[in-house]
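Structural overview
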Amino acid sequence: QVQLVESGGGLVQAGGSLRLSCAASRNIYIKSMAWYRQAPGKQRELVAAITRNGRTNYEDSVKGRFTISADIAENTVYLQMNSLKPEDTAVYYCAVQPMSSTTFAYWGQGTQVTVSS
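Residues numbered from 1 in each chain as written. Predicted model: local features only at pLDDT ≥ 70, side-chain atom pairs only at ≥ 80, totals over all residues. Heavy atoms only, no water.

1. Description of the overall build of the chain
Scanning the chain from terminus to terminus reveals zero helices and eleven strands. Here the chain has a C-alpha radius of gyration of 13 Å; the compact-globule value for 117 residues is 13 Å, and the two agree. For the chain, the spread of C-alpha atoms along the principal axes amounts to about 40 × 25 × 25 Å. A buried classification covers 44% of the 117 residues belonging to the chain. (Helix = DSSP H or I, 4+ residues; strand = E, 2+ residues; numbered from the N terminus. Rg over C-alpha atoms; globule rule 2.2 N^0.38 Å. Buried < 20%, exposed > 50% of the residue type's maximum accessible area, 1.4 Å probe, protein only.)

See below:
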């Protein structure tokens, strides 16, 4: 069983920065990795994703502020979050799509990000 361990969440003032990290517990042949978030009372949404060849995509509200990166060989994904806004407050989850799957098959337990105004 693969576990994804996230770190880096916390409380930050608006305009501040945080860096999230997520590492898999064992080696996976990865197709893509992603970060999702879920705010209270809202559905989980895709924040950013990156493929093994480095192609990225972002949710519109985070473009220009967040950067996803990955070390595929180390089964690790990062999310650099700058210029944070209160509306970024959510639980952030990392997800991994193995090459053998059409979906994100592995999920982390989530890390809380709280942005105060």
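There is more to say after this.
2. Examining the sheet that holds strand β1 (residues 4-7)
Taken in spatial order, the four strands make up an open sheet running β1-β3-β8-β7, and their pairing is antiparallel. Looking at the sheet topology across the chains shown, the edges are occupied by β1 and β7 (66-71). Within this sheet the neighbouring strands show an average axis-to-axis angle of 15°, counted without direction. Bridge count for β1 against strand β3 (residues 18-24) is four bridges, and the pairing is antiparallel. Pairing of S7 across the sheet is with S21, part of β3. (Pairing = 2+ DSSP bridges. Axes fitted to C-alpha atoms, helices over the stretch in contact; angles between N-to-C directions.)

3. Considerations on the pattern of salt bridges
In the structure shown here, the tally under the stated rule is five salt bridges. Salt-bridge contacts for E59 lead to R37; the nearest nitrogen and oxygen are separated by 3.9 Å. Of this pair, E59 sits in the loop between β6 (56-58) and β7 while R37 is found in strand β4 (residues 30-38), placing the two residues 22 residues apart along the sequence. What makes E59 partly exposed here is its relative accessible area of 24%. Overall, R37 belongs to the buried group, its relative accessible area being 5%. In this structure, D88 engages R37 in a salt bridge whose closest nitrogen and oxygen atoms are separated by 3.0 Å. Here the residue D88 occupies a position in the loop between β8 (76-81) and β9 (90-98), and R37 occupies one in strand β4, the gap between them amounting to 51 residues. Across the pair, exposure class does not vary: D88 and R37 are buried alike. A cluster of three or more residues bridged by salt bridges with shared partners is formed by R37, E45, E59, R65 and D88. (Salt bridge = Lys/Arg side-chain N within 4 Å of Asp/Glu carboxyl O.)

4. Focus: the packing of aromatic side chains
A complete count under the given rule lists three aromatic pairs for this structure. Every member of this aromatic cluster is reached through a ring pair, and the members are Y36, F104 and W107. R44 extends its terminal NZ or CZ atom over the ring of Y93, reaching a point 3.9 Å from the ring centre. One residue, R44, lies across the ring of W107, its end atom 5.0 Å from the ring centre. (Phe/Tyr/Trp six-rings, centres within 6.5 Å; stacked < 30°, edge-to-face > 60°. Lys NZ or Arg CZ within 6 Å of the ring centre and 35° of its normal.)

5. Here's the deal with the nonpolar core
Judged by nonpolar contacts, the single largest core of 30 residues is most densely connected at W35, L79, M81 and Y92. Residue assignment for this core shows that the elements contributing at least two residues are β3, β4, β5 (45-51), β7, β8, β9 and β11 (111-116). If we ignore the near neighbours within four places in the chain, the residues touching M81 are G16, S17, L18, L20, R65, F66, Y92 and V113. Core analysis: the second largest hydrophobic core is formed by five residues, A34, Y36, A49 and A95 among them. (Core = buried A, V, L, I, M, F, W, Y, C linked by side-chain atoms within 4.5 Å. Contact = heavy atoms within 4.5 Å.)

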